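Chain residues, written in single-letter form:
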Amino acid sequence: MSITKSFKKAIFDIAKKDRTFRIAARTGRDLVYRAKMTLDEPFGRLDDKLVYFQTFSGRGYSDSPKAMYEYMLSAPEYKDFRFVWSFKEPEKYSHLLQNGRTEIVKFRTRADNQAMRKAKYWITNYRMLDHQYPRKGQIYLQCWHGTPLKRLGYDITESDNAMNSLAEIKGKYRTDAKKFAYLLSPSPFATDKFATAWNLNKTGQRYKILEEGYPRNDRLINTKPVEREALRKQLGVDGKKVILYAPTWRDNQHTSGQGYTYKTEVDFDRLQRELGSEYVILFRAHYLVANSFDFGKYPGFVIDASGYGDINDLYIASDILITDYSSVFFDYANLRKPVIFYMYDLEEYAGELRGFYLSLDELPGPIVRDEQDLIKEIKACDGWQPDEKYEAFHKKFNPLDDGRASERVLKRIILNV
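S.K.: In this structure, what is going on with the pairing of strand 5 (residues 139-142)? I would like to understand it.
M.R.: Working note: regular strand, side chains alternate between the two faces of the sheet. Taking every second residue as pointing to the same face, both faces of strand 5 are buried, with Ile139 and Leu141 on one and Tyr140 and Gln142 on the other. Examined bridge by bridge, strand 4 (residues 119-124) and strand 5 share four bridges and lie parallel to one another. Of the residues in strand 5, the one forming a bridge with Ile123 is Leu141.

Structure below.
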């Protein structure tokens with residue numbers, strides 16, 4: 001381990017144990033970074049035709065920001081607009097430069113700061129860093145990244161988060177609420193939950209919520225069968241029954257100097273014996289999970305798709321979704337495919353880590369606690385069709401996903417219509 005990594009690990013170890021040190025260190029860091037952003041600020045007015053995009057703090061090219069960017073590229077009303085994407089690894093996304101109106105910057109660099117301070121619009125699916133405040137006149141659209149099952153922000157009553165106390169979590173959401181001009185919501189249900197999670201009701205900011213559906217789901221609605229077949233061939237799963245396994249992260253699983261980690265609790269040996277060559281599993285870790293996974297023992301049966309760019313491709317290519325407490329199943333319901341909930345640690349997660357926004361009775365699929373029942377439910381998906389409960393779930397949580405959300409949202413925030 002390098003000296004720099006060793007030092008960072010030591011700092012994280014102290015921060016985990018000492019809340020006072022953690023808060024002081026973060027406050028000092030944010031003051032320095034905010035001053036640096038101010039120094040990097042370009043002269044002149046905001047560029048009214050420049051849009052700054054970011055997903056998951058520079059981790060990738062996906063989600064609603066991607067959907068709106070691609071819509072703007074094709075829509076004539078935005079032909080004069082230019083775009084900046086911020087990435088932690090910009091070299092991976094050089095293909096975006098094929099469009100002459102698009103620029104790429106490296107996350108948390110001087111070029112990133114300058115682009116951020118110049119663009120009239122910020123479109124992101126995650127909280128901007130605490131020190132990143134919009135200038136007067138800038139419009140920050142906080143898209144978020146899913147209808148919530150697990151509690152967020154001010155709604156969390158119990159937490160075992162390794163790096164943030166309840167007060168610190170609320171502080172981050174409070175700061176974010178002060179900065180965004182709009183918070184995107186896909187449904188009346190999500191609107192109510194976002195309003196309390198960001199404390200918008202009590203602070204008189206509920207008006208900031210934009211209830212128009214999720215742009216990222218436009219593709220799920222508009223995709224063609226030929227696209228699905230092409231994706232399956234690209235992923236090497238053509239001719240198989242494809243299971244997408246997408247668990248979420250755990251607040252209390254954190255490794256200093258590395259980040260949040262995840263320990264797989266699935267007996268893949270047993271699944272391979274029982275499901276044989278008929279199935280293939282696409283394993284997709286949560287974007288916050290830092291550790292890597294070795295599935296070399298299961299060639300042709302388990303594929304690590306954690307680094308795959310856009311999860312929509314995996315939704316479209318798969319036949320079954322297995323998840324736990326991730327919000328992925330809300331979007332997946334647009335495809336009318338079976339969902340299985342593998343909640344092996346339900347009591348701990350519900351009671352100690354987060355808690356839920358809706359009754360588990362509303363979930364659009366069975367809850368299983370062990371591999372035996374998991375295998376049984378996977379096999380029961382043959383010939384599956386959505387029932388009334390599934391359709392009621394879809395109607396409640398995805399009422400605005402009609403394939404035109406990108407168009408509506410951009411009209412609201414840019415064209416003001």
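Having seen the structure, we can now continue with the description.
S.K.: Hey, could you run me through the nonpolar core in this one?
M.R.: Taken as a class, soluble globular proteins show a tendency for nonpolar side chains to be buried jointly. Among the nonpolar cores identified, the biggest contains 91 residues, and Met72, Ile123, Trp144, Phe194, Trp198 and Phe329 are the most heavily contacted of them. What Phe329 contacts, discounting residues up to four positions off in sequence, is Leu149, Leu321, Thr323, Val339, Phe341, Leu363, Pro364 and Phe393. Ranked by size, the runner-up nonpolar core spans 23 residues in total, among them Phe283, Phe295, Tyr298 and Ile375.

S.K.: Help me understand unusual backbone geometry in this model?
M.R.: For residues other than glycine, phi is negative in most cases, and the peptide bonds are mostly trans. Notably, Ser57 is not glycine yet its phi reads approximately 55 degrees, a positive angle. Within the secondary structure layout, Ser57 lies in the loop between strand 1 (47-54) and helix 3 (63-74). On the accessibility criterion, Ser57 (7% relative accessible area) is buried. Phi is positive for Arg108, close to 60 degrees, though the residue is something other than glycine. Its location among the elements puts Arg108 in the loop between strand 3 (102-106) and helix 4 (110-118).

S.K.: Teacher, can you tell me more about the sheet that holds strand 2 (residues 82-87) here?
M.R.: Strand pairs in the sheet, formed through backbone hydrogen bonds, run parallel or antiparallel to each other. Strand order in this open sheet of seven strands is 3-2-1-4-5-6-7, and the pairing throughout is parallel. Because the sheet does not close on itself, it has two edges, and the strands there are strand 3 and strand 7 (209-211). Taking the axes of each pair of neighbouring strands and ignoring which way they run, one obtains an average angle of 25 degrees across the sheet. Along the sheet, helix 3 makes contact with strand 1, strand 2, strand 3, strand 4 and strand 5, crossing strand 2 at roughly 155 degrees.

S.K.: I would appreciate a short explanation of helix 5 (residues 166-179) in the present structure.
M.R.: Residue pairs three or four apart in sequence face the same way in an α-helix, which turns once every 3.6 residues. Under the 1.5 Å per step criterion, the end-to-end length of helix 5 is 21 Å for 14 residues, consistent within 8% with the ideal 20 Å. All buried positions along helix 5 are accounted for by Glu168, Ile169, Gly171, Lys172, Tyr173, Thr175, Asp176, Ala177 and Lys179.

Cut-offs applied
Residues numbered from 1 in each chain as written. Predicted model: local features only at pLDDT ≥ 70, side-chain atom pairs only at ≥ 80, totals over all residues. Heavy atoms only, no water. Buried < 20%, exposed > 50% of the residue type's maximum accessible area, 1.4 Å probe, protein only. Helix = DSSP H or I, 4+ residues; strand = E, 2+ residues; numbered from the N terminus. Pairing = 2+ DSSP bridges. Core = buried A, V, L, I, M, F, W, Y, C linked by side-chain atoms within 4.5 Å. Contact = heavy atoms within 4.5 Å. Axes fitted to C-alpha atoms, helices over the stretch in contact; angles between N-to-C directions. Expected span 1.5 Å × (residues − 1).

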